[in-house]
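# Structural characterization, general
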Amino acid sequence: MQFFDDSLLPENQQPLVIQVAPFGPEFLPGDSDDIPVSLDAQIQKAVDCYNAGATVLHVHCREEDGQGSKRLSRFNETLARLREAVPDMLLQVGGSISFAPEGEGNEAKWLSDDTRHMLAELTPKPDQVTIAINTNQMNVCELMSADDVAGTSLALPAYQAAYSEMTIPSGPAFVAEHLKRLQAAGIQPHFMLADVGQLETVERLMRRGIYTGPLILNHVMIGGGLDGPNPRNMMEFINRCPEGAVLTIETIMRNVLPLTTMAIAMGLHTRVGIEDNLWGKKGERMTSVKQVEQQVRIARELHREVATGKQAREIYKIGEHYKSVDETLAKVGYAPNRTNERGNPLRLAA
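What comes next is a walk through the structure.

## Notes on the overall build of the protein chain
On a plain count of helices and strands, the protein chain comes out with twelve helices and ten strands. Relative to a compact globule of 350 residues, whose C-alpha radius of gyration would be 20 Å, the protein chain shows 20 Å and is just as compact. Along the longest, intermediate and shortest principal axes, the C-alpha atoms of the protein chain span 60 × 55 × 40 Å. Sequence-distant contacts, at least 24 apart, represent 76% of the contacts inside the protein chain between residues at least 6 apart. For the protein chain, the exposed area adds up to about 15,800 Å²; of that, 52% sits on carbon and sulfur atoms. Distance between charge centres in the protein chain, computed from 34 positive and 45 negative side chains, equals 4 Å.

See the structure below:
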């Protein structure tokens, strides 16, 4: 991404798209009084976040007993309710879910990856499903201090041990098949990328024609196998993003505020919510809605417009799909593939 002399002026920046992740799937209901448990409460939380200024909802589901849901039917019910309650909000389903078979005899039909590919069969379909690239460690506890997890289940040694050993299974065969199914279903993949190496893998997927759509992504800086919340990491990732990418900054706990403030000033987009962060200033809990409101206030102080639902849909290029590798590379802002020339491939003059 390039920055010109006037790139920090708000009139030259896109309206700010605020993603919100208010459902906190890694936490138990007793960990916070801001965790919506019933379906009605989950829907109301989405409404409240939208009214506060968020236009992208990162969706996870719970059962009525508070446990994370693995039922496709529960997700379908939730998505249908959300479409009615927040019709202008982009619905982004968290792609980490593995569905459990429902109904007698279905276990034999669903292999391990099939349960993840079922995200492409959600009805009504979401606007996006997130996808991680390359199998790697995701130790979300590495950057969490005792203060960060105080009063939550993540303070318990057994939970700490389990989350410290967590990995993201996302090898080449799974990614290729998942992208194929999502694109066939008209669902936009939202890439959750932890470092430049994963961005390079996405570029190769585009160059090989495995993915032919917009590059909409989060830079996920949560440490433990992923980039940490270091501004140098953030700037290197920004430098490596092509001009046509739409970049959202995501990090963890009290690092969220400083890095999203930088993102707002630079014309990028942001993610907040209790899935990532429970805190305002040290020792004071902050709800998802309050976090969204804070982002709106910062944007207004910088005179940057906050996106409407319609604007967010346009910025995220929902519904766009490209016909060829060449068109994909041109739209995203990468140089074309090499043909027979020596030296670096050059963009053709318009």
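Following the structure, the description resumes.
## With respect to the environment of alanine 85
Position of alanine 85 relative to the elements: it lies in helix α2 (residues 72-85). On the basis of relative accessibility, which here comes to 32%, the residue alanine 85 falls in the partly exposed class. In this view, alanine 85 contacts Ile43 and Val47; residues no more than four positions away in its chain are not counted.

## Points about helix α8 (residues 231-240)
All of the buried residues in α8 are Met234, Phe237 and Ile238. Taken around the axis of α8, the buried residues stretch over an arc of 100°, which confines them to a single face. In the core, the buried residues of α8 are packed alongside β7 (188-193), α7 (196-207), β8 (216-221), β9 (246-251) and α9 (256-266). For α8, the N-terminal cap is asparagine 230; the gap from its side-chain oxygen to the backbone nitrogen of arginine 232 is 2.8 Å.

## Some words on the sheet that holds strand β3 (residues 90-93)
Whether parallel or antiparallel, the strands of a sheet pair through hydrogen bonds between backbone atoms. One closed barrel holds the eight strands; their spatial order is β1-β2-β3-β4-β7-β8-β9-β10, and the pairing between them is parallel. Here the strands of the sheet are splayed against their neighbours by 30° on average, with no regard to which way each runs. Of the pairings in the sheet, the one linking β7 to β8 comprises three bridges and is parallel in character. Bridging from a neighbouring strand, methionine 192 pairs with asparagine 218 of β8. Each of β1 (18-20) and β10 (269-272) touches helix α10 (residues 288-301); the most contacted strand, β1, lies at about 170° to it.

## Examining the nonpolar core
Most often, soluble globular proteins keep nonpolar side chains buried together rather than apart. One finds Leu57, Leu82, Val93, Phe99 and Leu122 to be the most contacted residues of the largest nonpolar core, which totals 39 residues. Every element with two or more residues in this core is listed here: β1, α1 (39-52), β2 (56-59), α2, β3, α9 and α10. Per element, the largest residue contribution to this core is six residues, and it comes from α1. Those residues in contact with leucine 82, other than ones at most four positions away along the chain, are Ile43, Ala46, Leu57, Val59, Pro87 and Leu91.

## Quick look at the pattern of salt bridges
This structure, assessed with the given rule, holds 18 salt bridges. As a salt-bridge pair, arginine 271 and glutamate 250 come within 3.3 Å of each other at their nearest N and O atoms. In this pair, arginine 271 sits in strand β10 while glutamate 250 sits in strand β9, placing the two residues 21 residues apart along the sequence. Neither residue differs from the other here; arginine 271 and glutamate 250 are each classed as buried. With its nearest N and O atoms 2.7 Å apart, the salt bridge here joins aspartate 276 to arginine 271. Assigned by exposure class, aspartate 276 and arginine 271 land together as buried. Because the salt bridges share partners, they merge into one network encompassing Glu200, Arg204, Glu236 and Arg240.

About the thresholds
Residues numbered from 1 in each chain as written. Predicted model: local features only at pLDDT ≥ 70, side-chain atom pairs only at ≥ 80, totals over all residues. Heavy atoms only, no water. Helix = DSSP H or I, 4+ residues; strand = E, 2+ residues; numbered from the N terminus. Rg over C-alpha atoms; globule rule 2.2 N^0.38 Å. Contact = heavy atoms within 4.5 Å. Areas by Shrake-Rupley, 256 points an atom, 1.4 Å probe, with all protein chains shown as cover. Lys, Arg positive; Asp, Glu negative; His and termini not counted. Charge placed at Lys NZ, Arg CZ, Asp CG, Glu CD. Buried < 20%, exposed > 50% of the residue type's maximum accessible area, 1.4 Å probe, protein only. Arc of directions from axis to C-beta. Polar contact = N/O pair within 3.5 Å; in protein donor to acceptor, adjacent residues only side chain to side chain. Pairing = 2+ DSSP bridges. Axes fitted to C-alpha atoms, helices over the stretch in contact; angles between N-to-C directions. Core = buried A, V, L, I, M, F, W, Y, C linked by side-chain atoms within 4.5 Å. Salt bridge = Lys/Arg side-chain N within 4 Å of Asp/Glu carboxyl O.

These figures capture arrangement, not role.
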